[in-house]
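For reference, the chains in residue letters:
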2 protein chains.
Amino acid sequence: MKRAAIIGGGVIGGGWAARFSLMGWEVRVFDPDPEAERKLGAVMDNARRALPMLYEARMPEPGPVTFHGTMSDAVSGAGYIQESVPERLELKQKVYQTLQAACDPGAVLASSTSGFKPSELQAISARPEQILVAHPFNPVYLLPLAEVVPSPKTSPEIIERAKEILTGIGMFPLHVRAEIDAHIADRFLEAVWREALWLVKDGIATTEEIDEAIRMGFGLRWGQMGLFETYRIAGGEAGMRHFMAQFGPCLSWPWTKLMDVPEFNDDLVDLIAGQSDAQSGDRTIRELERERDNNLVAMLRALKGQGKAAGRLIAAHDDSLRQPLEDTVPMVTVRRIVPVDWTDVNGHMNEGRYGQVFSDASEELMTHIGADKAYIAAGHSYFTAETNIKYHAETLAGEAIFVETRVLLGQGRKLRLGHAMKRASDGALLASCDQFLLHVSLETRKSCDPLPKVREAVERLAQRHEDAA
Amino acid sequence: MKRAAIIGGGVIGGGWAARFSLMGWEVRVFDPDPEAERKLGAVMDNARRALPMLYEARMPEPGPVTFHGTMSDAVSGAGYIQESVPERLELKQKVYQTLQAACDPGAVLASSTSGFKPSELQAISARPEQILVAHPFNPVYLLPLAEVVPSPKTSPEIIERAKEILTGIGMFPLHVRAEIDAHIADRFLEAVWREALWLVKDGIATTEEIDEAIRMGFGLRWGQMGLFETYRIAGGEAGMRHFMAQFGPCLSWPWTKLMDVPEFNDDLVDLIAGQSDAQSGDRTIRELERERDNNLVAMLRALKGQGKAAGRLIAAHDDSLRQPLEDTVPMVTVRRIVPVDWTDVNGHMNEGRYGQVFSDASEELMTHIGADKAYIAAGHSYFTAETNIKYHAETLAGEAIFVETRVLLGQGRKLRLGHAMKRASDGALLASCDQFLLHVSLETRKSCDPLPKVREAVERLAQRHEDAA
């Protein structure tokens, strides 16, 4: 099993540990904090609930997460090492000396630092070529971005391996070609943070008003297109040049106070923290995390449905996780978690989603008999003509379910499937579905016999299921 | 019919016109540009397709949009006037003189300006009390935020009426209590824009890399929580104070180049525009708009499902649009547009969504017979025990559909409904559903008779439908 070492197990380190473990990696953690195991456990609980909701494919078996008393013990045999210790350069430099004394020289040695340059981290290191920055964003188990920043001394092999591993655990490695303080994203966060502090300090807006100004407006644009593509559209038919001509001049206007930095003192902290308490104080951090994760899962799944931005990345990763069905009778066609966007305000799966699970089940069976994406692209498919669903029990967001499918009839253009949706924990029957499908030509939109290869596969499968019945 | 005047019909003015019209207002437009009608028509087409997808309720009849040769003609009888002319102060000031010479002194006179203060707009005005800023965000027909900025001279009545009207058309009026250049949101946009120009100018990142850095990471956080609540969570169990203690010091670090402003020259424009072309150039602005709107609709509906941020606002607005069902036989229980998140990559409505439409239909009927939210909150409801759906024809995203519902049986705890989903354009049958429901106690989760009021309503309705059959 692939092995990752997590050095520093706070909110960020814990997020890394969760992502690696849930993607099937063995995870070895080092963190001197006596509370580390409890804190990391809380992050793991959040991740275990939310991350699998992003995927339709069956998730890998989670890898074990173990805690170790020394760094050298934690890194032994690790192919990927992620450092997330506090933002103190001397501390990080010392940590790399200790890690490199014990770790595999071929392992990726990555830092979560949001500010330091890789060359600074490498300064007193024996093997600088092994070190780079892989800067993630909280929550690490849901947000895909990881800024991968090498220094001129980092070896090309390490850079490539880091990008490959991060892609494998569902992240988006953004290769930052030149090292600068705070990389790319945190430059923006810092600029906005400064401006926000001024607005609150000057009494222009409260923390809550500022959050509304962002999430009711441009935050939604940025979540799906970012800055430049959004502005390109704002430029209208004349595009980016027109936009720049229109707004270029503003650069010289006094539109921001960022020429100056607010003094960071207790009064400012009291002001901001006080307003933040008033805004969110009635909800605990756990509740806020749950709310944030539900929102992110729903938004990411929405983008996945559109096949755009972060959603396109997740869809591709989902495909890479798919396994061919095992040829059992009945066939297990679906194994998944009920995601939050499938449930109503009470957390119960909506009636319509039962139908979707069963249509997903038949789609998996289609693929199994060769009526896959390529077959459909070539002009043929199966359309559902009729479904009969019996609802036996409720199911909740986060619950693991699976579907058993029997072929009841497979003759020429006709296909009849019997699905049973069950709860994974106790095998209880949640719903059953009798589904009748017809093979169609996507050209004429009329029913017709399947192409020989599929027809034979259907009839063979129907026979197997009949014999086993 | 309520009447709005739109002065300036570009991308922003067109978005305002679309929002007012689609929310049932009569819209009168003034724009000297001979191309105005065509340009505004393009925005209207986008809005007509996208905005109704945010709602489950039946939308109001769109109000007529007419073009007028003079401002005085356009504003006659208008209760709300939105100015969106180019960002030149003298021009705007002259426009207000002309508008106020003709408009109702009680009308709201709002500016879309992204930079000017209301007191600047009022400077040479006869009735400053009538003028305020209502700063929207593109696309105006999808993004809820409108920064409402009064000056000390703006009358409280005008401020309240503006907020009320904006709320009525589904927007989020953010009352900015102190007027400053660029209000609130554009302060952040300007800060980020400057930093982004530096990163591109210095060759650190391309426009595409910057967009990825935003939409794969913090853009997703900001779309649902904004800045401060996100950071509060990042602070972990110790909250905002801990976060500030951790990152406060960065303020004095050289993390941003914003102490300085890049020179705005042709080289910079060429560099940015060139990269933007390379990034998005293969898609036309129309295609990009379509993509953006689909993403925003899907994300906003995702947040609506969670009842959070912009989604909570839309859900509340949706409820305010709901009308009681007419007591016809059959009853029309659903009238809606098929939203993009209900369709597959080919744009066809997913099998599961048919079931959802029918369950929405029965929910509307429940409400009609008194088994409404309050009844459910009090501990009783109807659960679907079995559905039989026949699929007759495909339907596409953006298509208008309706559902006719017949009560086939209403006796004690038993309720059987017959639904027919039809295409609005030609009444063609898309699917039919036979749905069997049982009345249950939410306490025991077992079936039981409805409370008298509902039981009588059901049996009366069943009788009516039987007689009419």
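Residues numbered from 1 in each chain as written. Chains lettered and ligands numbered in written order. Predicted model: local features only at pLDDT ≥ 70, side-chain atom pairs only at ≥ 80, totals over all residues. Heavy atoms only, no water.

1. Here's the deal with helix α4 (residues 89-102) of chain B
Residues and elements named next belong to chain B.
So, point 1. Helix length check: α4, at 14 residues, gives a terminal C-alpha distance of 21 Å against a target of 20 Å (1.5 Å per residue), a fit within 8%.
So, point 2. Burial in α4 covers these residues: Leu89, Lys92, Gln93, Val95, Tyr96, Leu99 and Gln100. With its buried residues spanning 160 degrees around the axis, α4 presents them on a single face. When the buried face of α4 is taken as reference, the exposed residues oriented beyond 90 degrees from it are Lys94 and Ala101.
So, point 3. Taken together, the buried residues of α4 touch β1 (3-7), α3 (71-75), β4 (80-83), β5 (108-111), α5 (118-122) and β6 (131-136). (Helix = DSSP H or I, 4+ residues; strand = E, 2+ residues; numbered from the N terminus. Expected span 1.5 Å × (residues − 1). Buried < 20%, exposed > 50% of the residue type's maximum accessible area, 1.4 Å probe, protein only. Arc of directions from axis to C-beta. Contact = heavy atoms within 4.5 Å.)

2. Remarks on the pattern of salt bridges
So, point 1. Going through the model one piece at a time under the given rule, you end up with 76 salt bridges over all chains.
So, point 2. Put simply, lysine 304 of chain B and aspartate 318 of chain B hold a salt bridge, and the shortest N to O gap is 2.7 Å. Of the two residues, lysine 304 of chain B sits in helix α12 (residues 285-306) while aspartate 318 of chain B sits in helix α13 (residues 309-321), which places them 14 residues apart along the sequence.
So, point 3. Among the charged side chains, a salt-bridge network with shared partners connects Glu56, Arg301, Lys304, Asp318, Arg336 and Asp341 of chain A. (Salt bridge = Lys/Arg side-chain N within 4 Å of Asp/Glu carboxyl O.)

3. Description of the interface of chain A and chain B
Often, the extent of an interface is quoted as the loss of accessible area upon association of its parts.
So, point 1. Contacts between the two partners involve 136 residues from chain A, matched on the other side by 136 residues from chain B.
So, point 2. At the boundary of chain A with chain B, total buried surface from both sides reaches about 13,700 Å², with 65% on carbon and sulfur atoms.
So, point 3. Summed over the shared surface of chain A and chain B, the number is 14 salt bridges.
So, point 4. Two residues, glutamate 386 of chain B and lysine 390 of chain A, come together in a salt bridge whose shortest N-O distance is 3.6 Å.
So, point 5. Connecting chain A to chain B are 38 residue pairs in polar contact (both at pLDDT 80 or more).
So, point 6. For the side of chain A that touches chain B, the element with the most residues is helix α8 (residues 207-224) of chain A, which contributes 17 residues.
So, point 7. Classifying every residue of the side of chain A that touches chain B by side-chain character gives 69 nonpolar, 32 polar and 35 charged.
So, point 8. Sheet analysis places strand β10 (residues 380-391) of chain A next to strand β10 (residues 380-391) of chain B, joined by five bridges and oriented antiparallel. Note on β10 of chain B: the bridge partner recorded for glutamate 386 of chain A is lysine 390 of chain B. (Buried area = accessible area lost by both parts, 1.4 Å probe. Polar contact = N/O pair within 3.5 Å; in protein donor to acceptor, adjacent residues only side chain to side chain. Nonpolar A, V, L, I, M, F, W, Y, C, P; charged D, E, K, R; others polar. Pairing = 2+ DSSP bridges.)

4. A few points about the sheet that holds strand β1 (residues 3-7) of chain A
Residue and element names in this part refer to chain A.
So, point 1. The eight strands lie next to each other as β3-β2-β1-β4-β5-β6-β7-β8, forming an open sheet whose pairing is mixed. Single-partner strands in this sheet number two, and they are β3 (65-67) and β8 (172-175). Taking the axes of each pair of neighbouring strands and ignoring which way they run, one obtains an average angle of 25 degrees across the sheet.
So, point 2. Across five bridges, β1 lies against strand β2 (residues 26-30) in parallel orientation. (Axes fitted to C-alpha atoms, helices over the stretch in contact; angles between N-to-C directions.)

5. Side note on the packing of helix α7 (residues 185-201) of chain A against helix α7 (residues 185-201) of chain B
So, point 1. Axis separation between α7 of chain A and α7 of chain B bottoms out at 9 Å; the angle between their running directions is 150 degrees. The angle between α7 of chain A and α7 of chain B places the two elements in the roughly antiparallel class. In this structure, α7 of chain A crosses over α7 of chain B, and the sense of that crossing is right-handed. Residues Arg187, Phe188, Ala191, Val192, Glu195, Ala196 and Leu199 of chain A of α7 of chain A form the contact with α7 of chain B, whose participating residues are Arg187, Phe188, Ala191, Val192, Glu195, Ala196 and Leu199 of chain B. (Parallel < 35°, antiparallel > 145°, perpendicular 65-115°, else oblique. Left-handed = near helix turned anticlockwise from the far one by under 90°.)

6. A word on the domain arrangement of chain A
So, point 1. Partitioning chain A into structural domains gives domain 1 (3-183), domain 2 (186-282) and domain 3 (324-468).
So, point 2. Put simply, the middle of domain 2 of chain A and the middle of domain 3 of chain A, counted by C-alpha atoms, are 48 Å apart. (Domains from an automatic or database assignment.)

7. Regarding the relation of the copies chain A and chain B
So, point 1. Here chain A sits on chain B after a turn of 180 degrees about the axis and a move of 0.0 Å along it, with an RMSD of 0.0 Å. Here the transformation between the copies is reduced to the relation of a two-fold axis. (Least-squares fit on C-alpha atoms with pLDDT ≥ 70 in both.)

8. Things to note about the pairing of strand β12 (residues 414-423) of chain B
Residues and elements named next belong to chain B.
So, point 1. Across the ten residues that make up β12, a large majority, eight, are buried.
So, point 2. With ten bridges joining them, strand β11 (residues 400-411) and β12 adopt antiparallel strand pairing. Opposite threonine 405, over in β12, you have histidine 419 as the bridge partner.
So, point 3. Hairpin connection from β11 to β12: two residues lie between these consecutive antiparallel strands, with glycine 412 at a positive phi of about 55 degrees.
So, point 4. Two elements, β12 and strand β13 (residues 429-441), share nine bridges in a ladder whose sense is antiparallel.

9. Side note on the UniProt feature "binding site: NAD(+)" (unreviewed entry) in chain A
All names here are of chain A.
So, point 1. Those residues carrying the UniProt feature "binding site: NAD(+)" (unreviewed entry) are Gly8, Gly9, Gly10, Val11, Ile12 and Gly13 in this numbering.
So, point 2. Its place among the elements puts glycine 9 in the loop between β1 and α1 (11-22).
So, point 3. Since its relative accessible area comes to 3%, glycine 9 is described here as buried.
So, point 4. Within the secondary structure, glycine 10 sits in the loop between β1 and α1. (UniProt positions renumbered as here; feature names shortened; annotations may be inferred.)

10. Examining the pairing of strand β9 (residues 331-337) of chain B
Residues and elements named next belong to chain B.
So, point 1. The element β9 is largely enclosed, with a buried count of five among its seven residues.
So, point 2. Where β9 and β11 come together, six bridges link them in antiparallel fashion. From the neighbouring strand, methionine 331 faces β11, where its bridge partner is threonine 405.

11. As for the UniProt feature "domain: 3-hydroxyacyl-CoA dehydrogenase NAD binding" (unreviewed entry) in chain A
So, point 1. The UniProt record annotates "domain: 3-hydroxyacyl-CoA dehydrogenase NAD binding" (unreviewed entry) at residues 4-177 of chain A.
So, point 2. Split by type, residues 4-177 of chain A is 37% helix and 20% strand. Its first and last C-alpha atoms lie 25 Å apart.

12. Considerations on helix α6 (residues 156-168) of chain B
Residues and elements named next belong to chain B.
So, point 1. Across its 13 residues, α6 extends 18 Å between first and last C-alpha, which sits within 8% of the 18 Å expected from 1.5 Å per residue.
So, point 2. Along α6, the residues that are buried comprise Ile158, Ile159, Ala162, Lys163, Ile165 and Leu166. Seen end-on, α6 carries its buried residues on one side only, within an arc spanning 165 degrees. Among the exposed residues of α6, those pointing more than 90 degrees away from its buried face are Pro156 and Glu164.
So, point 3. Where the residues of α6 are buried, they touch α1 (11-22), β4, β5, β6, β7 (145-149) and β8 (172-175).
So, point 4. At the exit of α6 stands glycine 170, carrying a positive phi of roughly 90 degrees.

13. Some thoughts on the environment of aspartate 360 of chain B
All names here are of chain B.
So, point 1. Tracing the backbone shows aspartate 360 in helix α14 (residues 351-368).
So, point 2. When the C-alpha atoms of aspartate 360 and glutamate 56 are compared, they prove to be 9.0 Å apart, with 304 residues separating the residues in sequence.
So, point 3. Sequence-distant contacts of aspartate 360, defined by excluding residues within four places in its chain, comprise Val334 and Trp342.

14. Some words on the side chain of threonine 387 of chain A
So, point 1. In this structure, threonine 387 of chain A sits in strand β10.
So, point 2. A distance of 3.2 Å separates the side chain of threonine 387 of chain A from the side chain of tyrosine 391 of chain B, its partner in a polar contact.
So, point 3. When near neighbours in sequence (up to four residues on either side) are disregarded, threonine 387 of chain A contacts Cys433, Asp434 and Gln435 of chain A together with Glu351, Thr387, Asn388, Ile389 and Tyr391 of chain B.

15. Considering the sheet that holds β8 of chain B
Residues and elements named next belong to chain B.
So, point 1. As summarised here, the arrangement of the eight strands in space is β3-β2-β1-β4-β5-β6-β7-β8, forming an open sheet in which the pairing is mixed. Looking at the sheet topology across the chains shown, the edges are occupied by β3 (65-67) and β8. Averaged over all pairs of adjacent strands, the angle between strand axes in this sheet comes to 25 degrees, irrespective of strand direction.
So, point 2. In terms of strand pairing, β6 meets β7 through four bridges, oriented antiparallel. Note that in β7 the partner of valine 133 across the bridge is valine 149.
So, point 3. Strands in contact with α6 are β4, β5, β6, β7 and β8; relative to β8, the strand with the most contacts, it is inclined by about 150 degrees.

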